[in-house]
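Structural features, examined
Spelled out from the first residue to the last, the chains are:
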Amino acid sequence: VQLQASGGGLVQAGGSLRLSCAASGRTFSNVAMGWFRQAPGKEREFVAAISRNGGNTYYGDSVKGRFTISRDNAKNTVYLQMNSLKPEDTAVYYCAAGTGWGALGNKNQYNYWGQGTLVTVSS
């Protein structure tokens, strides 16, 4: 699976961004999808995940109530709508695809990773 993330940029605190991740190379509906982020000097952190058919979603504690993950299997794309952004959301955001059936909050469940897109939130 090849993944191409886009939509990052510079936004003021309280603003919104929508990230997209386009997938190719494998039947999209056969993979679970996740978003992770990594800030400078920190470990990669789970943000959100969505099951193969979109029926189940999962969020990291720091983004619950502010971020929404969704997917369009007809377009082979997963989205991350980010609202009420905070400076601490500043990071490189990565999308990932997983073929396993384990806990989607665990980065080790993902086989494929995109290149990342930078989100910067100014105060």
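Everything quoted here is computed from the prediction, not taken from an experiment.

Here we come to the overall build of the protein chain. Helix and strand content of the protein chain: 0 helices and 11 strands. The secondary structure elements of the protein chain, listed N-terminal to C-terminal, are β-β-β-β-β-β-β-β-β-β-β. The C-alpha radius of gyration computed for the protein chain amounts to 13 Å, which stays within 12% of the reference 14 Å derived for 123 residues, consistent with globular compactness. Buried positions account for 43% of the 123 residues belonging to the protein chain.

Here we take up the packing of aromatic side chains. For the structure shown, the criterion picks out 4 aromatic pairs. On the numbers, 5.6 Å between centres and 65° between planes, the contact of Phe36 with Phe46 is edge-to-face. Taken together, the residues Phe36 in strand S4 (residues 32–38) and Phe46 in strand S5 (residues 45–50) connect sequence positions 10 residues apart. Per residue, the accessibility class of Phe36 equals that of Phe46, and both read buried.

Evaluated as defined, the whole model comprises 1 disulfide. Shown here is the disulfide that connects Cys21 with Cys95, its sulfur atoms set 2.1 Å apart. Taking the sign of the S-S torsion, 60° for the link of Cys21 and Cys95, the bridge is right-handed. Of this pair, Cys21 sits in strand S3 (residues 17–24) while Cys95 sits in strand S9 (residues 91–98); the two residues are 74 residues apart in sequence, bridging distant segments of the chain.

So, about unusual backbone geometry. Despite not being glycine, Asn76 shows a phi value in the positive range, around 55°. When you line up the elements, Asn76 lands in the loop between strand S7 (67–72) and strand S8 (77–82). Residue class for Asn76 comes out partly exposed when judged on its relative accessible area of 26%. With a phi angle near 50°, Ser84 is a residue other than glycine that sits in the positive phi range.

Next up on the list: the side chain of Arg66. Counting through the fold element by element, Arg66 comes out in the loop between strand S6 (57–59) and S7. On the accessibility criterion, Arg66 (11% relative accessible area) is buried. Within polar-contact distance, the side chain of Arg66 engages the backbone oxygen of Ser62 at 2.8 Å.

The next subject is the pattern of salt bridges. In this structure the tally under the stated criterion is 4 salt bridges. The salt bridge partner of Glu45 is Arg37, with a shortest N-O separation of 2.8 Å. When its relative accessible area of 31% is taken as the criterion, Glu45 is described as partly exposed. When its relative accessible area of 6% is taken as the criterion, Arg37 is described as buried. Across the salt bridge formed by Lys64 and Asp61, the nearest N and O atoms sit 3.2 Å from each other. Owing to a relative accessible area of 67%, Asp61 belongs among the exposed residues under this scheme.

How each quantity is defined
- Residues numbered from 1 in each chain as written.
- Predicted model: local features only at pLDDT ≥ 70, side-chain atom pairs only at ≥ 80, totals over all residues.
- Heavy atoms only, no water.
- Helix = DSSP H or I, 4+ residues; strand = E, 2+ residues; numbered from the N terminus.
- Rg over C-alpha atoms; globule rule 2.2 N^0.38 Å.
- Buried < 20%, exposed > 50% of the residue type's maximum accessible area, 1.4 Å probe, protein only.
- Phe/Tyr/Trp six-rings, centres within 6.5 Å; stacked < 30°, edge-to-face > 60°.
- Disulfide = S-S within 2.5 Å.
- Polar contact = N/O pair within 3.5 Å; in protein donor to acceptor, adjacent residues only side chain to side chain.
- Salt bridge = Lys/Arg side-chain N within 4 Å of Asp/Glu carboxyl O.

Read these as spatial facts, not as claims about activity.
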